[in-house]
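# Survey of secondary and tertiary structure
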Amino acid sequence: MAPQASWFEADFYKVLGVASDASAKEITKAYRKMARQYHPDANQGDPTAEERFKGIASAYEVIGDEAKRKEYDEVRLLGPAANPFGRGPAGRGGPTGGGGPGGFNFDVGDADLGDLLGGMFGRGGRGPRSGGASRGAGPQRGADIEASLRMAFVDAIHGLTTTLHLTSDAECSTCHGSGAKPGTSPRVCQVCGGRGVIDDNQGLFSFSRACDVCHGRGTIVDAPCPTCVGTGVERRAREVKVRLPAGVRDSQRVRLRGRGGPGRNGGPAGDLFVNVAVEPDARFGRDGDNLTVRVPVSFAEAALGAEIPVPTLEGPDVTVRIRPGTQSGAKYRVKGAGVPGRHHPGDLIVSVDLAVPQHLTAAERAAIEALAAASTSSPRDQGA
């Protein structure tokens, strides 16, 4: 949205009674309080209240929007002297006016003022050489929303469909986003013809600025909705059904397109970002797309080799053949028994733990003593 003349002159923070560094939440709270106080329905017959309400709505339209607020703050840093629209000292009709066609006296040398303003606010402008069509406020994308979800290990592996309970901005349940009181509808602004902008010709230069009547919306709400006070948006509790994909990881941030805050002026909804926390499993671990598990084996199984049952995350055990002479910590791979993948699943990595008995029967002790007597080497001799 192009900066408009009122941005150079009005203190929107003062209008809403908040500090210039107020948070978005504080601004919204102050706006709703003042909008209720000066709403035309609550002050019938008082024209000053109606004018005050319009001023409050205009202020919130700018500093209640993150992108517009950033541009407005940049304009405030420049001060009224930089006003190219004719009300300040540098514009037409001011103390130094009369310096060009229509009294325009804003010295930019050989620069295109449209390009200069466009560079000032981070976008291309519309000057006499740009040839582009003017652009109104147009559809505005809704805000992105953050949410947190704690999920079980097995749900993270196989995916989960669940319902999130959020408190966020949503389409007004009374007016369904129109901003108008039930039984009424917004009307097209006759000044800008619904474009949201009007052209301000300055001799050689032509500017597009937000319409002073509809404030860039393209429509006018004569009877604001009592629930959202004309914004089309209300903050309320809502439920969002979401599907988390299979294989989601701990601390992963999952983006769900179009499930965030509602758009304005027909714009698309924002996105919902779900920050996932996965609970650890008592038996299984994860290494990328592979699952890991530790399985104890006896000395005889490790020394002689054996076929041992190995658990899987879901479903029956699988049988793994371990080689004779297997050492504690050795790893075996079960193909395709890991995390489901888009192209192929991961594997199950089985780590062997040698289990040393703590209590021996007489027969077991005698057998081990016989083995010790028959042994001709020590493991400590290796590498000597």
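Keep in mind it's a predicted model, so treat the numbers as computed, not measured. (Residues numbered from 1 in each chain as written. Predicted model: local features only at pLDDT ≥ 70, side-chain atom pairs only at ≥ 80, totals over all residues. Heavy atoms only, no water.)

Moving on, we get to the packing of helix α3 (residues 24–38) against helix α4 (residues 47–63). Two elements in contact, α3 and α4, have axes separated by 9 Å at closest approach and are oriented at 165 degrees. By the angle class used here, α3 and α4 are roughly antiparallel. Both α3 and α4 take part in a crossing whose hand is left-handed. In contact with I27, T28, Y31, M34, A35 and Y38 of α3, α4 contributes A49, R52, F53, I56, A57, Y60 and I63. (Axes fitted to C-alpha atoms, helices over the stretch in contact; angles between N-to-C directions. Helix = DSSP H or I, 4+ residues; strand = E, 2+ residues; numbered from the N terminus. Parallel < 35°, antiparallel > 145°, perpendicular 65-115°, else oblique. Left-handed = near helix turned anticlockwise from the far one by under 90°. Contact = heavy atoms within 4.5 Å.)

For the rest of this paragraph, the subject is the pairing of strand β11 (residues 290–297). Alignment of strand β10 (residues 285–287) against β11, held across three bridges, turns out to be antiparallel. Opposite G285, over in β11, you have T292 as the bridge partner. Taking the residues between adjacent antiparallel strands as the criterion, β10 and β11 are bridged by two residues, where G288 takes a positive phi near 65 degrees. Across seven bridges, the pairing between β11 and strand β15 (residues 348–354) is parallel. Within the sheet, the bridge partner assigned to T292 lies in β15 and is I349. (Pairing = 2+ DSSP bridges.)

Assignment of secondary structure puts S351 in strand β15. Each residue touching S351, except ones within four places of it in the same chain, is listed here: V293, R294, V295, A330 and K331.

Let's shift gears to the side chain of D65. By the secondary structure assignment, D65 is in the loop between α4 and α5 (66–78). Despite its burial, D65 pairs with no opposite charge, the nearest such side chain being K68 at 5.3 Å. For D65, the side chain forms a polar contact with the main-chain nitrogen of K68, separated by 3.0 Å. Leaving out residues up to four positions away in the same chain, D65 has contacts with Y60 and Q140. (Buried < 20%, exposed > 50% of the residue type's maximum accessible area, 1.4 Å probe, protein only. Lys, Arg positive; Asp, Glu negative; His and termini not counted. Salt bridge = Lys/Arg side-chain N within 4 Å of Asp/Glu carboxyl O. Polar contact = N/O pair within 3.5 Å; in protein donor to acceptor, adjacent residues only side chain to side chain.)

Time to look at unusual backbone geometry. The backbone of V229 shows a phi angle near 55 degrees, a positive value even though the residue is not glycine. Residue placement: V229 occurs in the loop between β6 (219–220) and β7 (233–244). One non-glycine residue, S251, lies in positive phi territory at about 70 degrees. Tracing the sequence through the fold places S251 in the loop between β7 and β8 (253–256). Residue class for S251 comes out exposed when judged on its relative accessible area of 62%.

Let's shift gears to a nonpolar patch on the surface. Among the surface-exposed residues, F299, L354, V356 and L371 lie close enough to one another that they form a single nonpolar patch of about 380 Å² accessible area. Mapping L371 onto the fold places it in helix α9 (residues 362–374). On the basis of relative accessible area, L371 is assigned to the partly exposed category, the value being 43%. (Patch = residues over 30% accessible without salt bridge, like charges linked within 9 Å, V, L, I, M, F, W, Y side chains within 5 Å. Areas by Shrake-Rupley, 256 points an atom, 1.4 Å probe, with all protein chains shown as cover.)

Right, let's get into the pattern of salt bridges. Side chains that differ in charge, positive against negative, can pair when their charged atoms come close. Taken as a whole, this structure holds 13 salt bridges when the rule is applied. Two residues, R141 and D144, come together in a salt bridge whose shortest N-O distance is 2.9 Å. R141 gets classed as partly exposed once you look at its relative accessible area, which sits at 44%. Notably, a salt bridge pairs R150 with E279, separated by 3.4 Å at the nearest N-O pair. One end of the pair, R150, is in strand β1 (residues 145–151); the other, E279, is in the loop between β9 (272–278) and β10, and 129 residues separate them in sequence. Linked through salt bridges whose partners overlap, the residues forming this network are R141, D144, R255 and D271.

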